[in-house]
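Below, each chain spelled out in residue letters.
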Amino acid sequence: MSTELILIFVVLGAVFVVLVWGRIRYDLAAFAALILATALGLVPSQDVFSGFGHSAVAIIALVLIVSRGLSASGAVELIAMRLVDPARALPLHIAVLATLAAGLSAIINNVAALALLMPLDVEAAEKAKRAASQSLMPLSFATILGGMITLIGTPPNIVISEYRQDTLGAPFAMFDFAPVGLAVAVAGIAFVSLVGWRLLPARASLAAYGAELSKGRYLAELRIGEAADGELMVRDLYPQAEAADIHILGLIRGGRRRPGTAHREVLRPGDFLVVEGDPKAIESFMGKVKLDFAGSEKHEGGVTSTGLALVEAIVPDGARIQNRTALELRLLQRHSVTLLGVARGGQRFRDRVRNLTIRSGDVLLLLGTPERIDAATEWLGVHRIEGRKTEVMQRGKAGLSAAIFVLAIAVAVFGWLPLSVALAAAVVAFVAFGLVGPREVYSSIEWKVIVLLASLIPLAEAFDAFGGADLIAGQIVDLTEGYPAWFALLALMLVTMTMSDLLNNVATTLIAAPIAISMAASTGTNPDTYLMAVAVAASCAFLTPIGHKNNTIILGPGGYRFGDYWRMGLPLEIVVLAVGVPAILLFWPL
């Protein structure tokens, strides 16, 4: 073993230890390892930043932006709301939601798919009076399984495809992953729906998590737009309000609150509905009924503006806004931020929201762009509540966003343009049609993943160049000698799965892909068989909450402990191997 190979093993081993330790951000650890490897002469200095120009990095970034555009248009929510029914039996609820999650993860980033569906699942658990822990982990695992179906569904598939381009001269196509990925996803969803959820804890306190998040019910005012037809009465909106878990409390006309609930009043342009609900419910109701908000003209397009969000902030003692009103401070005129609602321990008010004297301990619901809200909260002296942000969707553009995305995928599938160019064109179209704002183009990208991938690509190339992949591949081939050919494939998948449960799946793919090619070369078999095995196994991070970001996201809302994941994850990985190995050999024979 050469000195260079020993050093590259030491560097990659150090990265492995740091990532498992988890005290240092994985992107910083990978970047530091890249600089160290360059200083040691393992990575040529002219190639130190070559990873940032790699096509896999660009494709992953573009997929994240496109996912943001599809989510912001409400296209995903429109489908999900029609399929989620809290009255269903738990196995059927999990089967429906997991199927939807897998389908969405095949076309958008699987983290985005979970972020969209998790609130619906928690809400369904609350209404059904059951523990959210029984369905959140199946949902998370389903999003991971669904990502295996297409090229853009998960970063490992993108990395494997681009690695094939570099080594064999051609990438995998969009749906080359579908036969194996679909077989594994169907088997996995069947398992989590019928058996897996029974292996999870059903702690009574977990169902309260969703309730805790929704305790902040705000009194808000929503404006009737100019398109009101003059025939709709307040009571006609009750069904939509009930579906969104909103209470309509009254009507404001001409600056004055109408008596009672005004349920028989005919709605007119410029009227304000007084409603009570949590931020997500208010945003959903506002979008579905096509209502606007006070001062919408300050937001360049009202509720259809790009990049708007609802942010919750608590008022401490001594804040600038304490004992004053939003109107008195001219909040809207100064910062283009609307005080949309106020929560004060469930108390209801007769005063207009903008005329309400704010007290210490009140929770404010602010609407505006993130930059303006940041400036406004600092000026007001209030504290944002971490994790309590609701994006304002542009539901009227759902069809447009879906059409742009389908067209981009079709262009790539038919080979008219490379996938990276087709996705870039989709991003340009999203920005041109206002589906994604210029700032959101950059905020949509998870830069930590980009830096991680760009840092590990040169390290993986050095690992391969100095013979690391050949060494490990030779060990696996020697250990499986005398066994059937599929046994070596199984061994490769087991090694890759183990790494993926502890490392980021991108890091795992970059290390395992050269090993797959070396195994194929040493046995004289089809390299695609081994590459496909790595793609499937690298996505299977089911044993720990650190292997995949989705598993980390559900840790708090599900009330899970570190040891809960293997309860369902271990048998699920066995199911993946039992189905995946035969499927790979069938569709990508040796």
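Remember, predicted model here, so these are calculated numbers, not experimental data.

Novice: When you look at the overall build of the protein in this model, what are you seeing that I'm missing?
Specialist: A tally of helices and strands in the protein yields 25 helices and nine strands. Against the 2.2 N^0.38 benchmark of 25 Å for 590 residues, the protein shows a C-alpha radius of gyration of 26 Å, consistent with a compact globule. C-alpha extents for the protein along the principal axes are approximately 85 × 50 × 50 Å. In the protein, which comprises 590 residues, the share counted as buried stands at 56%. A separation of at least 24 residues holds for 78% of the contacts in the protein among residues at least 6 apart in sequence. Total accessible area on the protein is roughly 24,300 Å²; 61% of this is exposed by carbon and sulfur atoms.

Novice: How do you make sense of the packing of aromatic side chains when you look at a structure like this?
Specialist: Note on aromatic pairs: each is described by the distance of the centres and the angle between the planes. Counted under the stated rule, the structure contains nine aromatic pairs. Look at Phe9 and Phe463: their rings are 5.7 Å apart centre to centre, the planes differ by 90°, and that puts the pair in the edge-to-face class. Remark: Phe463 occurs in helix H19 (residues 447-465) and Phe9 occurs in helix H1 (residues 3-21); sequence separation between them is 454 residues. The class for Phe9 is partly exposed, based on a relative accessible area of 28%. When its relative accessible area of 2% is taken as the criterion, Phe463 is described as buried. Every member of this aromatic cluster is reached through a ring pair, and the members are Phe172, Phe177 and Trp588. Here the basic side chain of Arg164 rests over the ring of Phe172, its NZ or CZ set 4.9 Å away from the ring centre. Its guanidinium or amino end placed over the ring of Phe272, Arg352 lies 4.9 Å from that ring's centre, counting from NZ or CZ.

Novice: Where do I start with the environment of Ala424 in this structure?
Specialist: By the secondary structure assignment, Ala424 is in helix H17 (residues 419-432). By relative accessible area, Ala424 is classed as partly exposed at 29%. Separated by 359 residues in the primary sequence, Ala424 and Ile65 place their C-alpha atoms 9.4 Å from one another.

Novice: What is the right way to look at the pattern of salt bridges in this model?
Specialist: Evaluated as defined, the whole model comprises 15 salt bridges. In this structure, Arg567 and Asp564 form a salt bridge, with 3.8 Å as the shortest nitrogen-oxygen distance. Residue class for Arg567 comes out partly exposed when judged on its relative accessible area of 35%. Among the charged side chains, a salt-bridge network with shared partners connects Arg253, Arg258, Glu265 and Asp271.

Novice: I'm lost on unusual backbone geometry in this one. Help?
Specialist: The phi torsion of most residues other than glycine is negative, and most of the peptide bonds are trans. In this structure, Lys129 takes a positive phi of about 55° despite not being glycine. As for its position among the elements, Lys129 is in the loop between helix H6 (110-128) and helix H7 (133-146). A relative accessible area of 75% means that Lys129 is categorised as exposed. In this model, Asn323 sits at a positive phi of 65°, which is unusual for a non-glycine residue. Positionally, Asn323 belongs in the loop between strand E6 (309-314) and helix H13 (326-329).

Novice: Any chance you could explain helix H23 (residues 527-538) here in plain terms?
Specialist: Because an α-helix packs 3.6 residues into every turn, residues spaced three or four apart end up facing the same way. For H23, which comprises 12 residues, the first-to-last C-alpha distance of 16 Å matches the rise-based estimate of 16 Å (1.5 Å per residue) to within 8%. Among the 12 residues of H23, 11 are classified as buried, and the element is accordingly described as predominantly covered. In this fold, the buried residues of H23 make contact with helix H8 (155-168), helix H9 (178-194), helix H21 (485-502), helix H22 (505-523) and helix H25 (565-587). Of the residues that open H23, the one with a side-chain oxygen 3.1 Å from the backbone nitrogen of Asp528 is Asn526.

Novice: What is the right way to read the side chain of Thr377 from this model?
Specialist: Here Thr377 lies in helix H15 (residues 370-380). When its relative accessible area of 6% is taken as the criterion, Thr377 is described as buried. Setting aside residues no more than four positions away along its own chain, Thr377 makes contact with Ala313, Leu366, Val382 and Arg384.

Novice: Any chance you could explain a nonpolar patch on the surface here in plain terms?
Specialist: Taken together, the side chains of Phe175, Val413, Phe414, Trp416, Leu417 and Val421 define a hydrophobic patch exposed on the protein surface, amounting to about 630 Å² of accessible area. Checked against the element boundaries, Phe414 lands in the loop between helix H16 (398-413) and H17. Under the relative-accessibility criterion, Phe414 is labelled exposed at 57%.

Novice: How should I be thinking about the packing of helix H3 (residues 55-72) against H17 in this particular structure?
Specialist: Each packed pair of helices is defined by two parameters, the angle between the axes and the distance between the axes. Remark: H3 packs on H17, axes separated minimally by 9 Å, with the N-to-C direction vectors making an angle of 35°. Helix-helix and strand crossings are classified by hand; for H3 and H17 the assignment is left-handed. From H3, Ile59, Leu62, Val63, Ile65, Val66, Gly69 and Leu70 reach across to H17, where they touch Leu419, Ser420, Leu423, Ala424, Ala426, Val427 and Phe430.

Novice: Quick question: what am I supposed to make of the environment of Ile8 here?
Specialist: Inspection of the secondary structure puts Ile8 in helix H1. According to the relative accessible area criterion, Ile8 is buried, its value standing at 0%. Along the chain, Ile8 and Leu42 lie 34 residues apart, while their C-alpha atoms are 7.1 Å from each other. Those residues in contact with Ile8 that sit more than four places away from it in its chain are Leu42, Leu459, Ala462 and Phe463.

Reading the values: rules and limits
Residues numbered from 1 in each chain as written. Predicted model: local features only at pLDDT ≥ 70, side-chain atom pairs only at ≥ 80, totals over all residues. Heavy atoms only, no water. Helix = DSSP H or I, 4+ residues; strand = E, 2+ residues; numbered from the N terminus. Rg over C-alpha atoms; globule rule 2.2 N^0.38 Å. Buried < 20%, exposed > 50% of the residue type's maximum accessible area, 1.4 Å probe, protein only. Contact = heavy atoms within 4.5 Å. Areas by Shrake-Rupley, 256 points an atom, 1.4 Å probe, with all protein chains shown as cover. Phe/Tyr/Trp six-rings, centres within 6.5 Å; stacked < 30°, edge-to-face > 60°. Lys NZ or Arg CZ within 6 Å of the ring centre and 35° of its normal. Salt bridge = Lys/Arg side-chain N within 4 Å of Asp/Glu carboxyl O. Expected span 1.5 Å × (residues − 1). Polar contact = N/O pair within 3.5 Å; in protein donor to acceptor, adjacent residues only side chain to side chain. Patch = residues over 30% accessible without salt bridge, like charges linked within 9 Å, V, L, I, M, F, W, Y side chains within 5 Å. Axes fitted to C-alpha atoms, helices over the stretch in contact; angles between N-to-C directions. Left-handed = near helix turned anticlockwise from the far one by under 90°.

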